[in-house]
Amino acid sequence: MQGRDSSERVGRVMTFTGQSLLGPAGSAALLRLGSSASDMVPESSRTETSWIFFSNGYTRFSDPISAAGRAQGIALSFGKGRVVVLGEAAMLTAQIGRTPFGMNVTGIDNRKFALNIMHWLSRLLS
């Protein structure tokens, strides 16, 4: 998140959907979720459900389950390499539609976040 210098420092990342992650011991949480964050899981996992509308119809989900303290990304060393796992992909896209989406949203540092991930994976960042 710090980058190589102040021009690469990440202050604010916006995510748009996705899932929470909990990494193994020794991993670093990226974009740790706050106390109000929640996950919606498929109906088959719980009995009480709510309906969420998607363009292809209605999908049934359980009541929200707390995702507090989890993250939308994790980073870890694995063998001689490094791994970053993200539970949300739209933050690394640059979409234009009715409104800007992903890295095209103004006032956020998603581009710097993507750059810093690449720099960490390539070992430009330690």
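Residues numbered from 1 in each chain as written. Predicted model: local features only at pLDDT ≥ 70, side-chain atom pairs only at ≥ 80, totals over all residues. Heavy atoms only, no water.

(A) Quick peek at the confidence of the model for the protein. Across the protein, pLDDT averages 87, with 83% of residues at or above 70. Put simply, strand β3 (residues 49-54) is where the protein has its lowest mean pLDDT, 52, and strand β7 (residues 81-86) is where it has its highest, 98. (pLDDT = per-residue confidence, 0-100. Helix = DSSP H or I, 4+ residues; strand = E, 2+ residues; numbered from the N terminus.)

(B) Inspection of the sheet that holds strand β1 (residues 28-32) at higher detail. If you trace the three strands from one edge of the open sheet to the other, you get β1-β6-β7, paired in antiparallel fashion. Here the strands that pair on one side only, and so sit at the sheet edges, are β1 and β7. Neighbour-to-neighbour, the strand axes of the sheet open up by a mean angle of 15°, direction not taken into account. Direction of pairing for strand β6 (residues 71-78) relative to β7: antiparallel, over a ladder of six bridges. Bridging from a neighbouring strand, Leu76 pairs with Val83 of β7. (Pairing = 2+ DSSP bridges. Axes fitted to C-alpha atoms, helices over the stretch in contact; angles between N-to-C directions.)

(C) Representation of the side chain of Ser20 in the model. Tracing the backbone shows Ser20 in the segment before β1. A polar atom in the side chain of Ser20 sits 2.5 Å from the side chain of Asp39. Here Arg70 takes part through its side chain, which lies 2.6 Å from a polar atom of the side chain of Ser20. (Polar contact = N/O pair within 3.5 Å; in protein donor to acceptor, adjacent residues only side chain to side chain.)

(D) Layout of the nonpolar core. Counting residues in hydrophobic clusters, the biggest one holds nine residues: Val10, Leu30, Leu31, Ala75, Met91, Phe113, Ile117, Trp120 and Leu125. It is helix α1 (residues 110-121) that provides the largest number of residues to this core, a total of three residues. With residues near it in sequence (within four places) discarded, Leu30 still touches Ala71, Gln72, Gly73, Ile74, Ala75, Val84 and Phe113. (Core = buried A, V, L, I, M, F, W, Y, C linked by side-chain atoms within 4.5 Å. Buried < 20%, exposed > 50% of the residue type's maximum accessible area, 1.4 Å probe, protein only. Contact = heavy atoms within 4.5 Å.)

(E) Summary view of the environment of Asp39. Mapped onto the elements of the fold, Asp39 is located in strand β2 (residues 38-39). Taking C-alpha positions, Asp39 is 5.5 Å from Pro64, a pair spaced 25 residues apart along the chain. Here Asp39 is in contact with Gln19, Ser20, Asp63, Pro64, Ile65, Ala67 and Arg70, once residues within four sequence places are set aside.

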